[in-house]
Amino acid sequence: MAALAAMATGVAAAGGRAQPKSRAARRAASRAAAKASVARPMQAVVSRAAVRRAALRGAVQAQAVMTPPKPPSSAADEIEDLTSKGGMFTNVDPASRRVTPVANGRTCVKVVYVVLEPQYQSSLTAAAEKINAGNSEVCYELCGYLVEELRDEANYESFKKDCEDCNVFIGSLIFIEELADKVVAAVSPNRDNMDACVVFPSMPQVMRLNKLGQFSMAQLGQSKSVIGDFMKKKRQENGSGFEDAMLKLVRTLPKVLKYLPSDKAQDARNFMLSLQYWLGGSSENLENFLLNLGKEYVPALAEMGAEIAEPVTVADTGIWHPMAPRMYEDVKEFLNWYDTRKDVKLGPDSPTVGLVLQRSHLVTGDAGHYESVVMEMEARGARVVPIFAGGLDFSGPVDRFYYNPITKAPLVDVVVSLTGFALVGGPAKQDHPKAIEALKRLNVPYLVSVPLVFQTTEEWRDSTLGLHPVQVALQVCLPELDGGLEPIIFSGRDSKTGKSHSLPDRVTQLCGRALKWADLRRKTKAEKKLAITVFSFPPDKGNVGTAAYLNVFGSIYRVLKELQADGYNVGDLPEEEGELIESVLHDKEAAFASPDLNIAYKMPVSEYEELCEYSEALHESWGPPPGNLNTNGQEMLVYGKQFGNVFIGVQPTFGYEGDPMRLLFSKSASPHHGFAAYYTYLEKIFKADAVLHFGTHGSLEFMPGKQVGLDIDSYPDSLIGNIPNLYYYAANNPSEATIAKRRGYANTISYLTPPAENAGLYKGLKELKELISSYQTLKDTGRGVSITDSIMATARQCNLEQDCALPPDDVSADTLEAEERDGVVGRVYQKLMEIESRLLPCGLHVVGCPPSAEEAVATLVNIASIDRPEVEIEGLPSLLAKSVGRSIEDIYRSNDAGVLEDVELLQEITMTIRGMVQEFVTRYTDSTGRVGAAALNAVSSLFGKVAAKPYGTVIDGTKFAKADEALLNKQFDYLAFCLEQVVKDNELGALKEALDGQYIVPGPGGDPIRNPDVLPTGKNIHALDPQAIPTAAALQSASVVVERLLERQKIENGGVYPESIAVVLWGTDNIKTYGESLAQVMLMVGVRPQPDALGRVNKLELIPLEELGRPRIDVVVNCSGVFRDLFVNQMNLLDRAIKLAAEQDEDIEMNFVRKHALEQAEELGVSLRQAATRIFSNASGSYSSNVNLAVENSSWNDESQLQDMYVERKSFAYNSDAPGSGMDESKEVFKSALKKVDVTFQNLDSSEISLTDVSHYFDSDPTKLVAGLREDGKMPSAFIADTTTANAQVRSLSETMRLDSRTKLLNPKWYEGMLASGYEGAREIQKRLNNTLGWSATSGQVDNWVYEEANDTFINDPEMAQRLLETNPNSFRKMVANFLEANGRGYWDTSEENLERLRNLYQECEDKLEGVEEPACVPGGGTRRQSQRARGVDKTAATGTLARR
């Protein structure tokens, strides 16, 4: 019964109306609209445009979106600001729920209730007031609390005081552990003095408070129960359908128990009866509920003569409609009634919308918000089928009511859940596979809208966070696992009554978007219009069509050909991909420069202002239209090209990337007029039926606004309008995909990252490998010494001396003992094998193109190398190591130390595994060398062939021949499954399904090596349940990394531990690793995360110093903007953990958290707890430090300017003591904490993304900033944890940069793979060099030889330089500029000959581009000039990977 009523208890809501441009005026309009919507719940919602226009009439000038840096404030002021706002998510006074009767000689019964959601407030209040007005024997005093309100200390003290003298305590749906503990702490001491305690489904500790006479649940979960075990077993067998059966039992059991004589049976009957009354929900039911409790358990009322009616029951499932005479339990009867209605006129082609409702809102009379949605849908010409259920499982009602009773085809065109919950399961437990199966059968778009629960409308409107984090976890994250889309807030709740009411502008948005999804099912393919949107990032002219890992134009061409074959009108499609590029970019010879982009539409300013309803709100940041971006001075310019009913457009850019002053602003700007005009064109002029954002990623979803639960002021909501948003997204980036889902309303479709290959060896590295092979053969002969000398000399030529601890230059091998020579060779060999085996993505992916057999091998080798205890599969390295009597962990450690024998053994294991997997894959390739669908049958039947081992004879006759064959077969059985998933590519299929208005099956995003369930691609990407991390496995992995990090730093620092570490947390990393870096932070401070009774990680356990065996290390945590959005509950956990450590009364030399907090408290004049603030990020709705944008645009003067950007943008603190305050600026506290940092630290979790692949890593690096803040000016040590393989490593930042450069930028396998992708590949090469420059700027950890060898590779080789120039002249010019800038800024010391060649090449690029653009930077370093804006050139474009993960 633990979750019985979770879905039966509704979600409250409150109202509002679309607002004027001024935020203050919009709030005023919201309040007025909220009152109006309560008064007129049946009135159809007016159009979004009309709401905006009406609101505008009272608008005042908008408050600044971008605020220049504030004058300095004290830390005490900052802390006061942080805590003076109340800091809770809801500040409603519980006194508003208090009912205080006049006794007049009657018995007064005091009832205290605590509930999760407020919809029962109105019914309970009405019930008590009716009794108080008409009953001569008894009256009721009610004291009501929402559980979330108990976070506030004043509210909690009031609650405890009320519990001290109450007669009856009622609780329901208390599923938040920390608040459940507070409830128990307040009620338990008074429980024995209470007449009754009635708790409906909640956490076990709260359920144990139940007490009705002799009926008690005090032993719940503490002793073995035959009935409890039976119920648990049945729940596991029947899933959530078990709760439906239990509902029926609740209805019948009181009738049975009534005839049993024992008092205990009668008390049990009263509990079941109470549950019936509660689930009935109406004021009549709750009146009888209160009277029944009073009569049965309040001694003074034992002789009360009031007649108490049995519970009035309502169907558990059915169809409801506000205009219907009754509820229907048969869809045919409902449709018959619907067809007789005179108030609506619907044609046979009208769309049908399925609404999913919470029964509790219907029975409590709190359905005004539902009525508004029904009326608005019908006003727009839709038929509506609103279903409800009393249990937790809506899959049954979906199957029962959403199919045509005659044809059995789907009756509905789209489903919109208004519950906010997962389809199967409530706040405590979900069954996602069952939900997905039901939705797959129905196969229509599935939207999940959200009612406000823990906030009033005004609180939500005023919040920068938007939706309450607990609600995000329960009602946004969990429905996403079902494939739910578009978490639009559609209702709010009244602060006085708790009743729900609609938010008219949100209902308008919800209904408009839902019906556009429905239209996709009803329009023919030939008439559908699709807008494909490509990006241009970084803002340089060779970058149109940017996307992570994707050959954008090759993929678009493939998509268009597929759509053409499927019946879509794609017009006169070019014959090949190059012509497509040329037609969109207009002038191929100008190498894709912005002025030469094809202009698809010139929008007059008057038309723009008429069609773009929010244009005035952009004036503050950008002035009146047309502005300077995407304009010819008179008109707004939309770039792109139309092919039949398909428009390929170029998304405009943020527009401020090249302006150093704008980059310093702590909050991001609104979109500029050109950006708004682009999306206005798509929706209002081109009239797109859907938009396809092509690749990872654009900037729409990162525009300012609330984090989750957008309002009309949130720009992503305004920009996307009513257009269904399809989004091709890299499968390995679930965090930013989730931002696109929540803020851009995207249906994300995953695409595969490029096939991984081992980096291999080249040039001198290859020669070194050959020398080592000779040494192993001849080391015991006279040649061993000379070969060792050659190895040392060649290693120095390859710049390996810093990585291999070589002897000094003047030391000859003949002065070394044999064991020392083995050590030197072993260390070089180990480094070579590290480089050779490094996985790297080669080339760029083309949508719908599966990998070749050869391309699949490296991925499968790495999948096979991981132990997977959750499915009882042991990795191949471990199995082969055991076959020779060794532990793989011992071999890893010995290899890392450079022990030659074990370096060689690990290499043998590695090569054997590659051979086994190669043999396995080769058997199942088709004639083209691809793993084709025809081979799948052979793969699936493989293990029926007893005679053949799946890996052939590879290990026969080797030292590994005795490996456990059964365990090997189990591993290859798993690999067969993985291979099948790789082949089952549905990237094109999913797009066509989405365009046909079908349901896209959801699937996790992440690293396919760590989690093969990411495959096949073509799924609707979701993240994970944020309350599930960090997992126990993540905690174990984190402990290894923390131990190695601290030990290494201790060794390098003379035996002294670091006192403070600056850590960066990324969203995607924590999704892929299930919270490893999150766990690292907790372990550093000596705190262990713990799950609650429901498995949610929200508790903390302090690790005693004796167990820890070292000091508690202080931390300064900077969270990416995406981490902030996705994991606010984990930020709360981290802040609590750090403050817990700071408050321990321990020796400060064993507790650096406390040591520094005490120092800061004195320095800043604040409390110890306030001084222990350590969790920082951007302001809500803003992303990145902008350092990456400045570097990419050369729009910075010196490093101090970059450091100022970092401080201005990343100094917003999270405070668990005031969680509702969001992110508050805390610059002085931030700088005070940073100046004590000894180590900066980041994590690499996936082979697909390394330090120079994206700009986000250096964008978040504070290494030089810390040096500037420290009083001693000392540069902190910088480390990178690499968990991309089973052998986790902790390397210095400089080591990692060298490894990254060798395996990618300087590696022929990598850059030739990129060049094979042409224009886009050339851009990728330049991007790596630009990011290398960024690392020099923020950390100074890039060796001079990296630039020198890159210059030799790409510039001094005339043939290579010519290839780059011809392939993408703009990117090549930017590369040349990067080299000149690196020299000008002092990061690269080179010859005058090299510099002169670069200057000449730069001029040659200019000549080739015909002088189209000013130089990107002056040779000595400096800023880009923003030229030619009058011609409509967007010089400061930046759309791509802005907010990473």
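Residues numbered from 1 in each chain as written. Predicted model: local features only at pLDDT ≥ 70, side-chain atom pairs only at ≥ 80, totals over all residues. Heavy atoms only, no water.

*Asks:* What is the right way to look at the overall build of the protein in this model?
*Replies:* Helices and strands together make up the secondary structure of the protein, namely 58 helices and 35 strands. Put simply, the protein has 1445 residues, and 66% of those count as buried. Nonlocal contacts in the protein, meaning residues at least 24 apart in sequence, comprise 78% of its contacts between residues at least 6 apart. (Helix = DSSP H or I, 4+ residues; strand = E, 2+ residues; numbered from the N terminus. Buried < 20%, exposed > 50% of the residue type's maximum accessible area, 1.4 Å probe, protein only. Contact = heavy atoms within 4.5 Å.)

*Asks:* Can you walk me through the nonpolar core in this structure?
*Replies:* Across soluble globular proteins, you tend to see nonpolar side chains buried next to one another. Within the largest apolar cluster, 285 residues are counted, with the highest numbers of intra-cluster contacts made by Met377, Ile556, Phe694, Tyr728, Ile1325 and Phe1372. If sequence neighbours within four positions are ignored, Ile1325 has contacts with Leu1305, Trp1310, Tyr1311, Met1314, Leu1315, Phe1354, Leu1364 and Met1375. Core analysis: the next-biggest nonpolar cluster, separate from the first, contains 74 residues, Val183, Met207, Ala268 and Ala306 among them. (Core = buried A, V, L, I, M, F, W, Y, C linked by side-chain atoms within 4.5 Å.)

*Asks:* Can you help me understand the packing of aromatic side chains in this one?
*Replies:* Within a pair of aromatic rings, the relevant descriptors are the distance that separates the centres and the angle that separates the planes. A complete count under the given rule lists 35 aromatic pairs for this structure. Judged by centre distance (5.2 Å) and plane angle (40°), the rings of Tyr951 and Phe972 are tilted. Of this pair, Tyr951 sits in the loop between α36 (936-940) and α37 (965-983) while Phe972 sits in helix α37, placing them 21 residues apart in sequence. Phe972 carries the same exposure label as Tyr951, and that label is buried. Of note, Lys529 hangs over the ring of Phe686, and the distance from its end group to the ring centre comes to 5.1 Å. (Phe/Tyr/Trp six-rings, centres within 6.5 Å; stacked < 30°, edge-to-face > 60°. Lys NZ or Arg CZ within 6 Å of the ring centre and 35° of its normal.)

*Asks:* What is the right way to read the sheet that holds strand β14 (residues 500-502) from this model?
*Replies:* Backbone-to-backbone hydrogen bonds join strands into a sheet, with any given pair of strands oriented parallel or antiparallel. Pairing within the open sheet is mixed, and its three strands lie in the order β12-β13-β14. Edge positions in the sheet fall to β12 (450-451) and β14, since each of these pairs with one other strand and no more. (Pairing = 2+ DSSP bridges.)

*Asks:* Looking at this structure, how should I read the sheet that holds strand β5 (residues 211-212)?
*Replies:* The strand order β2-β1-β3-β4-β5-β6 describes an open sheet built from six strands, whose pairing is mixed. In this open sheet, the two strands that pair with only one neighbour each are β2 (138-146) and β6 (215-216). Where β5 lies against β6, two bridges are found, and the strand directions are antiparallel. Bridge assignment links Leu212 to a residue of β6, and that residue is Phe215.

*Asks:* What am I meant to see in the side chain of Asn758 here?
*Replies:* Residue placement: Asn758 occurs in strand β22 (residues 756-758). A distance of 3.1 Å separates a polar atom in the side chain of Asn758 from the backbone oxygen of Ser837. What Asn758 contacts, discounting residues up to four positions off in sequence, is Glu836, Ser837, Arg838, Leu839, Ala858, Arg914 and Lys1309. (Polar contact = N/O pair within 3.5 Å; in protein donor to acceptor, adjacent residues only side chain to side chain.)

*Asks:* Would you explain the side chain of Thr1263 in this entry?
*Replies:* With respect to the element layout, Thr1263 can be found in helix α51 (residues 1263-1269). Setting aside chain neighbours within four positions, we find Thr1263 in contact with Thr1240, Met1275, Pro1276, Ala1278, Thr1338 and Ser1339.

*Asks:* Is there a simple way to think about the confidence of the model for the protein in this case?
*Replies:* Predicted coordinates in regions of low pLDDT should not be interpreted in detail. Chain-level statistics for the protein give a pLDDT mean of 84 and a share of 84% at 70 or above. Model confidence for the protein, summarised as mean pLDDT per element, is weakest for helix α2 (residues 48-56) at 39 and strongest for strand β10 (residues 414-417) at 98. The low-confidence segment residues 587-594 (pLDDT under 50) makes 25 contacts with residues lying over four places distant or belonging to another chain. Residue range residues 940-947 is modelled with pLDDT below 50. Its contacts to residues more than four positions away, or to other chains, number eight contacts. (pLDDT = per-residue confidence, 0-100.)

*Asks:* Would you mind going over unusual backbone geometry with me for this structure?
*Replies:* Trans peptide bonds make up the majority, and among non-glycine residues the majority have a negative phi. Residues Thr696 and His697 are joined by a peptide bond in cis, for which omega reads -15°. As for its position among the elements, His697 is in the loop between β19 (690-694) and α26 (715-720). Along the chain, Ile1029 connects to Pro1030 via a cis peptide bond; the corresponding omega equals 0°. Relative to the helices and strands, Pro1030 resides in the loop between β25 (1020-1022) and α39 (1032-1052). Even without a glycine there, the phi angle at Ala805 is positive, about 50°. Relative to the elements of secondary structure, Ala805 occurs in the loop between α30 (801-804) and α31 (818-837). Not every positive phi belongs to a glycine, and Asn1186 is a case in point at roughly 75°. Mapped onto the secondary structure, Asn1186 falls in the loop between β30 (1175-1177) and α47 (1187-1193). In this structure Asn1186 comes out as buried when scored by relative accessible area, which is 1%.

*Asks:* Is there a simple way to think about the pattern of salt bridges in this case?
*Replies:* Where charged atoms from two side chains of opposite charge approach closely, those side chains can pair. What the rule picks out here adds up to 85 salt bridges. When the shortest N-O distance is used, the salt bridge between Arg1048 and Glu1295 registers 3.0 Å. Pair noted here: Arg1048 is in helix α39 and Glu1295 is in helix α52 (residues 1293-1305), with a separation of 247 residues, a long-range link. Here Lys1304 ties to Asp1253 by a salt bridge, and the two come within 2.4 Å at their closest N and O atoms. Highlighted residues: Lys1304 in helix α52 and Asp1253 in the loop between β33 (1239-1244) and α50 (1256-1259), separated in sequence by 51 residues. As far as burial versus exposure is concerned, Lys1304 and Asp1253 are alike and both buried. (Salt bridge = Lys/Arg side-chain N within 4 Å of Asp/Glu carboxyl O.)

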